[in-house]
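Results of the structural survey
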Amino acid sequence: MVRFLVITTVSLNLMAQSSSPLLQKNCIDCHIQQQIPSELIYRRYLMRYSTHNEVRKRLLTYLKSPSKETSIMPSQFFLKFPQKEAMEMNESALVENIDAYLDYFDVRGKLVLP
Amino acid sequence: MLRSEKRSLFRFLGIYLSSTFILFFLATVIFYDFQKHQIIDTQNAELSDEAERLTQALRQLNKTFTPSLIYPQEKPFDSAIYSLDRAYIFGSFNPKNLLWDKEYYQQGEQLFHIHPLYPYYLGVSHLVIARTINQEPIDNLIKMSILFLFVAGILFTLLGVFLGKLFIAPMKESIEKMNRFIEDTTHEFNTPISTILTNIELLDALYDCEGKQEMKRIEIASKTLSRLYEDLTYLKLNHNYHRQIETLNIAQLTRERIEYFYTLIEAKQLNLNLHIEKNILLDMDKNDAIRMIDNLLSNAIKYNKKKGLLMVTLTQEKLSITDSGVGIIEKNIELIRGRFKRDNKSEGGFGIGLDIVGQVVERYSFEFDIISTYNKSTKVVITW
């Protein structure tokens, strides 16, 4: 639990420091406020679907109609974090935000050779 | 060992060793191929182990949320990670033209292993691991295979020689029996033949004998026997005989031998045609030269037609003796050079004449050609 909180805090702080203004305004501010671990969510989606295209599709479905059924997060996750409301954005704006989110957490930018 | 024995032994060894070598070569190639696959399989297993290690490392990295993720590369392996759509994510190398449908494969000097992954840690659905083939065990295998072939070759050659000697033993025994018989017979020939010839010469010199024709026949028969004795003795002693090489006047010797055969030539009413250059000198043993000339003349007379042509040509380069006799069938020309081989059995003889000529020619590195037209003529040419 302590590890989870540390990870969440670290990633939220990092997000706050260097995310794009669009992502910052529409997603990160709220995620920081509610301490929702964005990178953990990204990794979980990536672990399930592997490609950004598939992850984008799944996240879009969720954002258009947020529910436990459209999410792949475990039920305990929703006990700890509130269920999100549907965002008042058109589909292209949602896709734009999702792409910024995926780019920001993209593992390609983080991997380095020893 | 006689030439025929040597030929039989070499033929046997040739067939035996070539078939054994082919068999062993094929067996070695199959063994090498099998062992090489084993070596490659072992190296593939190492790739598989590396894939497991990478999988565990990626699982750990997937739980790590630090700003940079250190890629778990380990030498001597190269690896790369791919997403489900086979897009390159990261790696220590970026190979092209991957064969996605194969789990293990070889490309040039590299071994590749494609390892599927689920769950997709860091989005990775395939690991591609490669390593340069470790040539050392393969090189050792090649050395071992060559050594095996070499040792087997020596062992089987020795075995072949042993089996070959067993194989020709009955033939050798028969030849030895024949040689012993010839040896004993020739020994018994010597004294009576010498006595007959000496007495014929005495009779001819001292008395005016009425039966001249009969005397000539006795002389011819005795000379034939005498020559046969000389030939058989030559064959018997050939290997142990001490040769005295001297400068011979072959022209003079040829004339002497023609003189010796004159009674036979006259009896067959041959038309003698001589083209003998003067002072042809050769370094030879006299007995070898006599045996060579005598056998050629004897054949040319024996197989000639009555009133036929006998042409003897001697130049600085060659001796050629031509007859207008029965000739030799083309396919038999090479065969009649062997001992006890005869193309025409109408005349007496053992078939040792051309064998003796062949031995003399071989000893002095001369060349020996027979040009013959069946039922027309035969020309034998000795070139030095």
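Residues numbered from 1 in each chain as written. Chains lettered and ligands numbered in written order. Predicted model: local features only at pLDDT ≥ 70, side-chain atom pairs only at ≥ 80, totals over all residues. Heavy atoms only, no water.

**Observations regarding the overall build of chain A**
A count of helices and strands for chain A gives six helices and one strand. Along the chain direction, N to C, the helices and strands of chain A fall in the order α-α-α-α-α-α-β. The burial tally for chain A puts 42% of its 114 residues in the buried class. A separation of at least 24 residues holds for 64% of the contacts in chain A among residues at least 6 apart in sequence. Summed over its atoms, the accessible surface of chain A is roughly 6400 Å², and 55% of this surface lies on carbon and sulfur atoms. (Helix = DSSP H or I, 4+ residues; strand = E, 2+ residues; numbered from the N terminus. Buried < 20%, exposed > 50% of the residue type's maximum accessible area, 1.4 Å probe, protein only. Contact = heavy atoms within 4.5 Å. Areas by Shrake-Rupley, 256 points an atom, 1.4 Å probe, with all protein chains shown as cover.)

**So, the interface of chain B and chain A**
By a frequent convention, interface size equals the accessible area lost on bringing the separate parts together. Between chain B and chain A, the residue contacts involve 29 residues of the former and 19 residues of the latter. Regarding the contact of chain B and chain A, the summed buried area is about 2100 Å², with carbon and sulfur atoms giving 65% of it. Of all residues in chain B, Phe65, Leu69 and Phe90 of chain B give up the largest surface area on contact with chain A, accounting jointly for 31% of the area buried on that side. Joining chain B to chain A, the criterion identifies zero salt bridges. (Buried area = accessible area lost by both parts, 1.4 Å probe. Salt bridge = Lys/Arg side-chain N within 4 Å of Asp/Glu carboxyl O.)

**Here we look at the environment of Asp355 of chain B**
All names here are of chain B. Mapped onto the elements of the fold, Asp355 is located in helix α7 (residues 353–363). Its relative accessible area of 2% is what places Asp355 among the buried residues. When the C-alpha positions of Asp355 and Asn295 are compared, they lie 9.6 Å apart, and in sequence the two are 60 residues distant.

**Concerning the packing of aromatic side chains**
Using the criterion set out here, one finds 21 aromatic pairs over all chains in the structure. Centroid distance Tyr82 of chain B to Trp100 of chain B: 5.0 Å. Interplanar angle 80 degrees. Geometry classified as edge-to-face. You can see Tyr82 of chain B sitting in strand β2 (residues 78–82) and its partner Trp100 of chain B sitting in the loop between β3 (88–91) and β4 (104–107), a full 18 residues away along the chain. Each of the two residues, Tyr82 of chain B as well as Trp100 of chain B, counts as buried. An aromatic cluster is built from Tyr42, Tyr101, Tyr104 and Phe105 of chain A, whose rings are joined through pairwise contacts. One Lys or Arg, Arg257 of chain B, reaches over the ring of Tyr260 of chain B and ends 4.5 Å from the middle of that ring. (Phe/Tyr/Trp six-rings, centres within 6.5 Å; stacked < 30°, edge-to-face > 60°. Lys NZ or Arg CZ within 6 Å of the ring centre and 35° of its normal.)

**Focus: the nonpolar core**
Within the largest apolar cluster, 50 residues are counted, with the highest numbers of intra-cluster contacts made by Leu111 of chain A together with Leu58, Ile81 and Leu127 of chain B. The biggest single contributor to this core is helix α1 (residues 3–62) of chain B, with seven residues. Look past the residues within four positions of Leu111 of chain A in its chain and what remains in contact with it is Leu61, Leu69, Tyr71, Ile81, Ile89, Phe90 and Leu122 of chain B. Counting 46 residues, the second-largest nonpolar core is a separate cluster that includes Ile182, Ala300, Leu310 and Ile333 of chain B. (Core = buried A, V, L, I, M, F, W, Y, C linked by side-chain atoms within 4.5 Å.)

**Describing a nonpolar patch on the surface**
Residues and elements named next belong to chain B. Where nonpolar side chains cluster on the molecular surface, the patch consists of Phe21, Ile22, Phe25, Leu26, Val29 and Ile30 and spans about 590 Å² of accessible area. Within the fold, Phe25 resides in helix α1. The exposure class assigned to Phe25 is partly exposed, which follows from its relative accessible area of 40%. (Patch = residues over 30% accessible without salt bridge, like charges linked within 9 Å, V, L, I, M, F, W, Y side chains within 5 Å.)

**Digging into the sheet that holds strand β11 (residues 318–323) of chain B**
All names here are of chain B. The strand order across the open sheet built from five strands is β8-β10-β11-β13-β12, with neighbouring strands paired in mixed fashion. Strands with a single pairing partner mark the edges of an open sheet, and in this sheet they are β8 (271–276) and β12 (367–373). Between one strand axis and the next, the sheet turns by 10 degrees as a mean value, whatever way the strands run. In this structure, β12 lies alongside strand β13 (residues 377–383), joined through seven bridges in antiparallel fashion. Residue pairing for β13: Ile370 is matched across the bridge by Val380. Packing of helix α4 (residues 250–260) onto the sheet brings it into contact with β8 and β10 (309–314), and relative to β8 it is tilted by some 170 degrees. (Pairing = 2+ DSSP bridges. Axes fitted to C-alpha atoms, helices over the stretch in contact; angles between N-to-C directions.)

**Regarding the side chain of Arg257 of chain B**
Relative to the elements of secondary structure, Arg257 of chain B occurs in helix α4. Arg257 of chain B sits in the buried class, given a relative accessible area of 14%.

**Some details on empty space enclosed by the protein**
Inspection of every chain in the model, using the stated rule, returns one cavity of 30 Å³ or more. Approximately 50 Å³ is the volume attributed to the largest cavity. Along the walls of the largest cavity sit Tyr42, Leu46, Ser50, Thr51, His52, Asp106, Val107 and Arg108 of chain A together with Ser83, Ile89, Leu122 and Gly123 of chain B, which together make up its complete lining. For the lining of the largest cavity, a count of residues per class yields five nonpolar, five polar and two charged. (1 Å grid on protein atoms, 1.4 Å probe; cavity = no way out; pocket = protein on both sides within 12 Å on 5 of 7 lines; lining within 4 Å. Points joined across faces, edges and corners; volume = space filled by probe spheres on them. Nonpolar A, V, L, I, M, F, W, Y, C, P; charged D, E, K, R; others polar.)

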